[in-house]
Structure formats: C-alpha cells, structure tokens
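# Tertiary structure, described
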Amino acid sequence: MLCAYAASTSSDDPLAALAVGDLPDPPGPGTVPGDPVTVTVRAAALNHHDLWTLKGSVVPAHGLPCVLGTDAAVVDDAGGEYVVHSVLGDPSRGHGDETLDPGRLILSDAGLGALRGRITVPRRNLVPKPPELGWAEAACLPTAWLTAYRMLFTKAGARPGDRVLVHGAGGGVSTAAILLAKGAGLDVQVMTRDAARGERAEALGADRVLLTGATVPGDADIVLDTVGGSTWSTSLAAVRPGGTIVVSGATAGFGVRTNLARLFSRQITVRGSTLGTIDDLRSLLRFVVAAKVRPVIDSVAPLSAARDQFARLASGTAFGKLVIEP
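What you are looking at is a predicted structure, and each value in this text was computed from that prediction instead of being measured. (Residues numbered from 1 in each chain as written. Predicted model: local features only at pLDDT ≥ 70, side-chain atom pairs only at ≥ 80, totals over all residues. Heavy atoms only, no water.)

Next up on the list: the sheet that holds strand S1 (residues 2-6). Reading across the sheet, the three strands line up as S2-S1-S4 and stay open at both edges, with antiparallel pairing between neighbours. Sheet topology places strand S2 (18-22) and strand S4 (66-67) at the edges, where each strand pairs with a single neighbour. The pairing of S1 with S2 spans five bridges and is antiparallel. Bridge assignment links Leu2 to a residue of S2, and that residue is Asp22. Along the sheet face, helix H9 (residues 306-315) touches S1 and S2 and points at about 160° away from the line of S2. (Pairing = 2+ DSSP bridges. Helix = DSSP H or I, 4+ residues; strand = E, 2+ residues; numbered from the N terminus. Contact = heavy atoms within 4.5 Å. Axes fitted to C-alpha atoms, helices over the stretch in contact; angles between N-to-C directions.)

Rendered as structure tokens:
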C-alpha cells in the first residue's frame, strides 16, 4: 500500500528521511487498542509533528519505518463518514481527560499514521463528519484546529467581545485561531514578522496586525502562544492584568526567562494546552458548522506528490493547511 513515511531521521535535512512508497497493509485488529475498525482515508493533512518525526525529535513507539499523518477524514465499509480523533489515550488514566493520560499517543506515534489509503483505529476515535464539510476541510480539523479550539475556549474560556492576541500568521494553529476567534465574536490582534502574511491575516478578519518588535498595547484578555522563545516576553507584555496566556508549543525554543514579579503582581494566568479531547473535537465540529467557519487550505495534492507538500511545509511558505488525498 502506498504510504508517506519516515524511513530514517535527519535533524539537518528532514526531507531526506521521507519516503513515499509501498509498505505492508495497516496493523491488524490485534495490535490496535479498543474496538478497532479499518477505514478508507479520503483526505489527510500535514502538521509540524510530521516534520519533527522526520527530524528525530519525536520517537515513534514502534520505531521506523513510521507512516506519518495525524489528521484524517475517513469512510468506513458501511459508508459512514468520520473525522478521526488523533489522540489515543484513556480518560480514566487522565483525570477524565485522555490528553492527560501519561501513556497518551497520537496516531503516527502509535504506528497508525494517516498518510496511506487505509488505516485501522479504535472505533471510539471516529467522530461523525458533518455533511456541510468537504473531505479536505474535515481533514484539517483534528490536530491544528483542535489545538486552537481548546486553547481559546476550553483553556482560556473566551467569550464574545474578548480581545485575543495570536502569535504568527499563516500556520495551521494561528490561522485556525484567527478564524475561530472571529467566528465567536472576539477582537483579534495578530503578531507576525512578515508584513505580507499580516495582510493575509487581515483578509481572514484580524482586527489589527502588529509586526514583531512593535510595542504591544498590553490590553489582551487572552494571548495564544505556540512559538515560545523570544515571543514569551511579548506575551507577558501583551496580556492585561488578570488575563490569560495559553501555551501549546515552542517552535522557537523551550527555554525562556520569566519576570515573576509581573506574573504575580498582574495576576496573570498561564495555562498549558495540548491537542484536545474527543469532546473538544465534537464541539469544534458543531462550532465550524454553526459559525460557517472553514479551514484555510493552502493546497491539496495526491499521496504520490507528498514530497512536494512536505517541502512546502518545511519551507514555511504555506499559508493554511497542506492536504493529501490518497
């Protein structure tokens, strides 16, 4: 079966570790937890997690080769249409939240990557796909969009009229956050180092774009930070007293210095967030349908052209999600 997979790892040249070719059929029911079901992938989306796997920053539980892909929209043999929840975890081991299960994995890390024609997943991970969503749109939701939704609503408790600052413009999480926030009636500020991407963020509905290095107003109710590193001091400066910073990534670096006096004197809340629960995904699907919000898709390509899509992801030139149709 044709797959896109990590045949090796390379921190310097992750694309050199990528292979597109035939591998054996997906794992059988005996190797998949829960009540397994084999489904046909109609569309899958790329994420930076796939690049991290190619770089060796993420170590798959079953080693290499590792079929990539954590996002999938699928159909079962009876014709049922679903979005696959990418988190494999047991809520009972995570205080009722599968993302807190110490043994939590996501699809590709568990050897169940979506960049192939058929995958086997636990039946509980299948969430009905709303008919209003196309296959490519639905495939964009389970990782980046779910992350943004959980940051905004589950972790930060965003309400209409709140002001949110989003770091970055053009990535999967940042574009999702802009569109979800506008769909919920929030005032959206975007900080980016690229003026052209800032203009595209405004076209998505951002109310204000700030270029990196600009003085931030310090009036944001919520700051969403997936970058870390040098943006951390900006996040602290941007949030209002009593406001909330939600962190779900650190692409620019994990180590930061924090002014603790500013943190406690201004009573700033800092919350970590990773992916989302299956209930978060169900809520996200209802939200995008009700608010008529749709993912920004940079491009769609067949699985045979996966290398080109990965090259675009690695270059940082994509605006929105990169989708593969097996």
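Here we come to H9. Listed in full, the buried residues belonging to H9 are Ala306, Gln309, Phe310 and Leu313. Along the axis of H9, the buried residues cluster in a sector spanning 100°; they form a single face. Backbone geometry just after H9 places Gly316 at a positive phi near 75°. (Buried < 20%, exposed > 50% of the residue type's maximum accessible area, 1.4 Å probe, protein only. Arc of directions from axis to C-beta.)

On to unusual backbone geometry. The linkage connecting Leu64 with the following residue, Pro65, adopts the cis geometry, with an omega of 0°. The topology assignment puts Pro65 in the loop between helix H1 (48-55) and S4. With a phi angle near 55°, His95 is a residue other than glycine that sits in the positive phi range. Relative to the helices and strands, His95 resides in the loop between strand S7 (87-88) and strand S8 (105-106). Of note, Gln267 is a non-glycine position whose phi angle comes to about 55°, a positive value. Secondary-structure assignment places Gln267 in the loop between helix H7 (260-265) and strand S16 (269-272).

Tallied over the full model, the rule gives three aromatic pairs. Relative to Phe153, the ring of Tyr149 has its centre 4.9 Å away and its plane inclined at 50°; by these criteria the two rings are tilted. You can see Tyr149 and its partner Phe153 sitting in helix H3 (residues 141-155), four residues apart, about one turn around the helix. Summarising the aromatic geometry, the rings of Tyr149 and Phe287 are spaced 6.2 Å apart at their centres and angled 65° between planes, so their arrangement reads as edge-to-face. In this pair, Tyr149 is assigned in helix H3 and Phe287 in helix H8 (residues 278-290), connecting sequence segments 138 residues apart. Through successive ring pairs, a cluster of aromatic residues spans Tyr149, Phe153 and Phe287. (Phe/Tyr/Trp six-rings, centres within 6.5 Å; stacked < 30°, edge-to-face > 60°.)

This paragraph deals with the nonpolar core. Trp145, Leu152, Val164, Leu180, Leu224 and Leu284 are the most contacted members of the largest nonpolar core, which has 50 residues in total. A per-element tally of this core places H3 first, with eight residues. The contact partners of Val164, leaving out residues within four places of it in the chain, are Leu152, Ala181, Leu186, Asp187, Val188, Gln189, Ile222 and Leu224. (Core = buried A, V, L, I, M, F, W, Y, C linked by side-chain atoms within 4.5 Å.)

Another point: empty space enclosed by the protein. By the definition in use, this model includes two cavities of 30 Å³ or more. A volume near 40 Å³ is recorded for the largest cavity. Forming the boundary of the largest cavity are Met151, Val166, His167, Val173, Ser174, Ala177, Leu224 and Thr226. Going through the elements one at a time, strand S11 (163-167) and helix H4 (172-183) are the ones with two or more residues in the lining of the largest cavity. If you tally residues by element for the lining of the largest cavity, the top one is H4, at three residues. Of the residues belonging to the lining of the largest cavity, the class tally is five nonpolar, three polar and no charged. (1 Å grid on protein atoms, 1.4 Å probe; cavity = no way out; pocket = protein on both sides within 12 Å on 5 of 7 lines; lining within 4 Å. Points joined across faces, edges and corners; volume = space filled by probe spheres on them. Nonpolar A, V, L, I, M, F, W, Y, C, P; charged D, E, K, R; others polar.)

Another aspect to go through is the sheet that holds S11. Pairing within the open sheet is parallel, and its six strands lie in the order S13-S12-S11-S14-S15-S16. Looking at which strands have only one partner, the edges of the open sheet turn out to be strand S13 (208-211) and S16. This sheet shows a mean twist of 20° between the axes of neighbouring strands, independent of strand direction. Direction of pairing for S11 relative to strand S14 (residues 220-225): parallel, over a ladder of three bridges. Directly across from Val166, in S14, lies its bridge partner Leu224.

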